[in-house]
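Examining the three-dimensional arrangement
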Amino acid sequence: LEGNLSASTSNLKMKLSSLNADLQNQSLSHLARLQALDNETKSLSSNLQQQNNTHLSKLTALENDITILATPVRKLSQDVLALNESAIATQSNLEHLEGNLSAITSNLKMKLSSLNADLQNQSLSHLARLQALDNETKSLSSNLQQQNNTHLSKLTALENDITILATPCASGNGAVVGWKSTQWKNLTQTDNNGLIVSMTYNKKRGDTFLKLTFQSIFRQSIDRRCAQWHFAIDGWECSYPAGVDYVSLIDIPNSDQTIRLSGALVGVCRAIETGNVGAGIHTVGMYLRDCPRWKLPDADPETGWGGTTTILVEELCPPQ
């Protein structure tokens, strides 16, 4: 109200100042009006004073109320500050605990990861070891099976040998005591002299004969040339009943051609120059040389020509 009064008073003064010039020229009615306005102003001022006093009383009462309320509010503020400090301390403790928990969790994760890696490595190692043991077991089982089969075969062969040895060869029956065959595929032997191929044979008895068979493809030049293929046992030619050989002599003068023949050389051997071929392991070989009977140029022989070459050894009881 005082503000309004001040504003009104300022306005009135301006109006009064403005009207002052007019009042000079206006009538006494204006003075009367001014007197009336002055009375109104005084009445308004009195009312404003009363309102101001009333407001002051209310303001004083409000200040008293505020003073009364300030104590619990202050207490409440202090409690709020204490709670805030406690909350800050609790938050700090929680952050510290969260940090410790995070560090512990990280450490546990690292340990779990390391433990998992160790367990995985150990598991892989164990699996590899188990696989190796399984492979070793399978290999050992296979080897034992092979050894068992070998032993059974040897036992069967030994039983057969015992049966053969227990039954003497009747003179003239010509029974087959045992036999063995060896093949060479795609053989091409161009050496002029010496061993072509050989094999071993375990002779069962000392009183038997060996029937020797050699099958192959033979080649030589045909311009009066001669070649001799012959068997030998342990490096010695057969002497009884006779040598086992094949002599090829082709006499076509002034020919540069060669001839190839597929054939077999067969004979029986009981003894060599060192004596009878006894029981036991012997080497049976096929040899080639120039014909010793005729002094002829080298026959340029060849054995095999890429075909299959075979040596067959049959052990026979004495003949009739």
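Described below are features of the structure shown in this document. (Residues numbered from 1 in each chain as written. Predicted model: local features only at pLDDT ≥ 70, side-chain atom pairs only at ≥ 80, totals over all residues. Heavy atoms only, no water.)

Looking at the overall build of the protein
- Of the regular secondary structure elements, the protein holds two helices and 10 strands.
- Start at the N end of the protein and walk to the C end: the helices and strands fall as α-α-β-β-β-β-β-β-β-β-β-β.
- Rg of the C-alpha trace for the protein: 69 Å, well past the compact-globule value of 20 Å for 320 residues, more than 25% over.
- Viewed in the frame of its principal axes, the protein has a C-alpha envelope of about 195 × 60 × 25 Å.
- Across the 320 residues that make up the protein, the buried fraction comes to 21%. (Helix = DSSP H or I, 4+ residues; strand = E, 2+ residues; numbered from the N terminus. Rg over C-alpha atoms; globule rule 2.2 N^0.38 Å. Buried < 20%, exposed > 50% of the residue type's maximum accessible area, 1.4 Å probe, protein only.)

Some remarks on the state of the cysteines
- Under the defined criterion, the tally for this structure stands at two disulfides.
- Here C226 pairs with C291 through a disulfide, and the sulfurs are 1.7 Å apart. Because the torsion about its S-S bond is -75°, the bridge between C226 and C291 counts as left-handed. With C226 in strand β4 (residues 225–233) and C291 in the loop between β9 (280–290) and β10 (302–316), this pair connects stretches of sequence that are 65 residues apart.
- A disulfide bridge connects C238 with C269, and the sulfur atoms are separated by 2.2 Å. Measuring handedness by torsion sign, the sulfur bridge of C238 and C269 sits at about -115° and is left-handed. Here C238 is found in strand β5 (residues 236–241), whereas its partner C269 is found in strand β7 (residues 258–272), with 31 residues between them in sequence.
- A relative accessible area of 7% means that C238 is categorised as buried. (Disulfide = S-S within 2.5 Å.)

Comments concerning the pairing of β10
- Extensive coverage of β10 is indicated by the burial of 11 of its 15 residues.
- Where strand β1 (residues 176–189) lies against β10, 10 bridges are found, and the strand directions are antiparallel. Across the sheet, the residue bridging to L187 is G307, located in β10.
- Relative to β10, strand β3 (residues 209–221) runs antiparallel, the two sharing nine bridges. Within β10, the residue paired with F214 across the bridge is I311. (Pairing = 2+ DSSP bridges.)

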